[in-house]
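Structural characterization, general
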Amino acid sequence: MKYYLEIIQPIIERSLDRLGILYDDLKFEIPSNPDFGDISTNIAFKLSKKLKNPPKLIAEKIVDNLEFDLGLIEKAKIEGAGFINFYLSTEFYIQALKKLLSKGTNIGRFDLGYGKRVNVEYVSVNPTGLLHLGHGRNACIGDTISNLYEWLGYDVTREYYFNNAGNQMTMLANSIYARYMQLYFEKDYPFPEDGYHGEYIIEIAKDLYDHYADKLKDNNDNNLNLIKKFGENWCFNKIKKTLERLRIRQDIYFNEDSLYTDGKIDALLNEFKSRQLSYEKDGAIWLALSQLGLENDRVIVKSSGEPTYRLPDIAYHKDKFERGYDLIIDIFGADHIATIPDVLAAVSALGYDISKVKVLIHQFVTLFEDGQQVKMSKRTGKSYTLDDLLDEVGPDVVRFFLIMRSISTHLEFDLNLAREQSEKNPIYYLQYAHARICSIFENAKSFGIILDDDYDLNLIGTKYEINLIKSLLGFEDAILSATDKSEPHILCDYLKTIAQAFHIFYHNDRIISQNLELAKARLKLIEMTKYILKNGLSILGVSAPEKM
RNA sequence: GCGCCGGUAGCUCAGUUGGAUAGAGCAUCAGCCUUCUAAGCUGAGGGUCACAGGUUCGAAUCCUGUCCGGCGUGCCA
């Protein structure tokens, strides 16, 4: 858009100034229908009420006062009830392509972060099980958001928050112990009622036996603690391996327990108390959220003396603020939504600027196979894990599928489509465009065409070439918009349009031909296309193969 | 009950700071390989944008109400 705006906006503004018209919401858009020109403004509609004139009349006045360079703009025309549509010349697009080319392989990189620090927290699965598709969605969204901020020039910290204490870990230990007993000593040993039924527990029990044989047979605290630690490590190793396969590596693994050992929980409790934000009732400590505009007060320390999850959540966010981040992004699944207002209200009451916190909630993933829903729960036993999926379709397909829908929509994962190694699978459309371009460069080399600084872009001008340039010009907007709206799928959609523009151009205009000068100009065009595809895919964490 | 997210083509989904004839992929039907990768290209059919009101030059988009689906609403995390 900026390539258009830097040309068009001043022209309209000058005309309005000359007419003495005051305006405040001058906006432009690229019409979806190319018959309505290359760029358009609805300013005449906006001014209609204020000036008490029909839009068409205002548009006519504005157009009469336009002064522009006929080299870049062919014409300005009033269409519809008062849209002002600009039709741009080939020259405009060649100039714009030159600007893109000057950025080279850095296309899509920005300098907007000025070293500002962003913390993105994602995955954050407790080490009690394996990752399933919902976690995968969280992971891919978090990683892509992190990539986007990195490309904008921010200093990004990728963080994983976990809790390796409490009931759930005890239950993990008990579950493993029960399987261990059942497998090797006592077939009918009772399995805990709320235990983890997943098949992986059996695997852990087997590994446990390999390490300790019958040494852990006695049901005592010592042994169960050992089993707990063993189970935690086992799960964490698996989780990290799965993430690695997804090309995800996080910088900080933040253990909730450290908040206790570092005294941060106690300090927070004292702070609440001294600010009179907490009180005791029924033997528990309550946080007075109703004083902060929320509906209900909540317990932060149970009468048993144990904290509820809210307390460490608040302490954790406070800690992130104290580490000095300019932006704190949390990626949560829809099931976490309830705690967010509490945490934000509490942190805000402690004096932190919660406009620095961005909470992204993504909806769930359902897995479909042959039109049937596949269960993924770790409680019910049989489950389809993220690892299973990676085994079947590989990281590119997984990452793309989990990112290609808006985060606020329910994601239906079609296993049959993902398995499809054909044109039906949308990811191949993008990768194929990239591979095709690489192959053309190989051919150019064998034809002895050397791509140096001696080329003439003025040879470009077919409608397919222009159309491709138009899509190329949208790359930076797509990145900015995806980041701004926290919607990585915008980038997926964009890359599809650019791959399409390329495929159509490829089909209609031959690149390598007898006309060497033309070939060189076209190679420059597809070189830019290649950089954009590659950079775009790289932000999505998807590979850009040179051959397919 | 209340809160959040969603309801758009047969299916999966874009499009919501209000714009012109509501788009894509898949599926269906019909075409294009002696020339740079056919994992590609071209064309056709397919819609009461859940429903009902309202706001205005103009509504899939904003407001109100209703219906349907998911998630949440703990001294669980």
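Residues numbered from 1 in each chain as written. Chains lettered and ligands numbered in written order. Predicted model: local features only at pLDDT ≥ 70, side-chain atom pairs only at ≥ 80, totals over all residues. Heavy atoms only, no water.

Residue position: Thr483 is located in helix H17 (residues 475-484). Not counting residues within four places of it along the chain, the set of residues in contact with Thr483 comprises Leu148, Tyr149, Leu152 and Lys358. (Helix = DSSP H or I, 4+ residues; strand = E, 2+ residues; numbered from the N terminus. Contact = heavy atoms within 4.5 Å.)

Bringing the protein's contact with RNA strand B into the picture now. The environment of RNA strand B is formed by 58 residues, the closest being Ser408, Glu423, Tyr432, Arg436 and Asn443. Protein-adjacent atoms of RNA strand B, using a 4 Å cutoff, are sugar or phosphate at a proportion of 65%. A distance of 2.7 Å separates a base nitrogen of RNA strand B from a polar side-chain atom of Ser40. Side-chain polar atom of Lys302 to a phosphate oxygen of RNA strand B: 2.5 Å apart, as the coordinates give it. Broken down by element, the surface near RNA strand B gets its largest block of residues, eight residues, from helix H15 (residues 426-446). (Near = heavy atom within 4 Å. Polar contact = N/O pair within 3.5 Å; in protein donor to acceptor, adjacent residues only side chain to side chain.)

The next thing to look at is the sheet that holds strand S12 (residues 357-362). Strand order across the open sheet formed by five strands is S7-S6-S5-S11-S12, with parallel pairing between neighbours. If you trace the sheet from one side to the other, it starts and ends with strand S7 (252-255) and S12, each paired once. Ignoring which end each strand starts from, the neighbouring axes of this sheet average 25° apart. Sheet topology places strand S5 (residues 117-121) next to strand S11 (residues 327-333); four bridges connect them, and they run parallel. Bridging from a neighbouring strand, Val120 pairs with Ile329 of S11. (Pairing = 2+ DSSP bridges. Axes fitted to C-alpha atoms, helices over the stretch in contact; angles between N-to-C directions.)

It is worth spelling out the packing of aromatic side chains at this point. Tallied over the full model, the rule gives 27 aromatic pairs. With centroids separated by 6.4 Å and ring planes inclined at 50°, the aromatic side chains of Tyr180 and Tyr209 adopt a geometry described as tilted. Taken together, the residues span a long stretch of sequence, with Tyr180 in helix H6 (residues 167-184) and Tyr209 in helix H7 (residues 199-212) at a distance of 29 residues. Of the residues examined, Tyr209 reaches a relative accessible area of 29% and is grouped as partly exposed. When the centroid spacing of 3.8 Å and the interplanar angle of 10° are considered together, the rings of Tyr184 and Tyr209 count as stacked. With Tyr184 in helix H6 and Tyr209 in helix H7, this pair connects stretches of sequence that are 25 residues apart. Using a relative accessible area of 30% as the deciding quantity, one classes Tyr184 as partly exposed. One aromatic cluster is present, built from ring pairs that chain together Tyr177, Tyr180, Tyr184, Phe185, Tyr189 and Tyr209. (Phe/Tyr/Trp six-rings, centres within 6.5 Å; stacked < 30°, edge-to-face > 60°. Buried < 20%, exposed > 50% of the residue type's maximum accessible area, 1.4 Å probe, protein only.)

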